[in-house]
Amino acid sequence: MTDNEIIKNTAMLLAQDKSIEKIYLISNKISTSGELTSFKLALIVNDSVKSISELECRLYMETDSELPYDIVLYKTSEWDELKDEIGTFAWKINNSGVLIYG
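Everything numeric in this text was worked out from a predicted model, so none of it was measured.

Asker: How should the nonpolar core be read in this particular structure?
Answerer: Within soluble globular proteins, side chains that are nonpolar generally end up buried alongside one another. Core analysis: the largest hydrophobic core is formed by 20 residues, its most contacted members being L14, I23, F39, L41, L43, L59 and I71. Contributing elements (two or more residues each) for this core: α1 (5-14), β1 (20-30), β2 (36-45), α2 (52-62) and β3 (69-75). Tallying contributions element by element places β2 first for this core, with five residues. When near neighbours in sequence (up to four residues on either side) are disregarded, L43 contacts L14, I20, K22, I23, L59, I71, V72, L73 and Y74. Counting residues in hydrophobic clusters, the runner-up holds 10 residues, among them I26, A42, L82 and I93.

Asker: Where do I start with the pairing of β3 in this structure?
Answerer: Each regular strand carries side chains that alternate between the two faces of the sheet. Where burial is concerned, most of β3 is hidden: five out of the seven residues are buried. Where β2 and β3 come together, seven bridges link them in parallel fashion. Within the sheet, the bridge partner assigned to I44 lies in β3 and is Y74.

Thresholds, definitions, all that
- Residues numbered from 1 in each chain as written.
- Predicted model: local features only at pLDDT ≥ 70, side-chain atom pairs only at ≥ 80, totals over all residues.
- Heavy atoms only, no water.
- Core = buried A, V, L, I, M, F, W, Y, C linked by side-chain atoms within 4.5 Å.
- Buried < 20%, exposed > 50% of the residue type's maximum accessible area, 1.4 Å probe, protein only.
- Helix = DSSP H or I, 4+ residues; strand = E, 2+ residues; numbered from the N terminus.
- Contact = heavy atoms within 4.5 Å.
- Pairing = 2+ DSSP bridges.

Here's what the structure looks like:
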């Protein structure tokens, strides 16, 4: 699914924000006819970001996609702490998500 143009284009638009270090494809939804209907991305952002919620809002406002999408954001220090802790969402992303940028 990482070769899907809609996902790639959305990820590249998001990656224009210089605070984003990595982008993972977490999941996608497929219709019964086999077409992509939505997707979820995890964004790892540098620790200099003062407000994750403000960044998230701005990214949604500035990044259009042909399909609905969700983003989950982690600061790098938080990501580094949680990605190896079994049972956390970051651990799940790190083990089953697909790195598509960074």
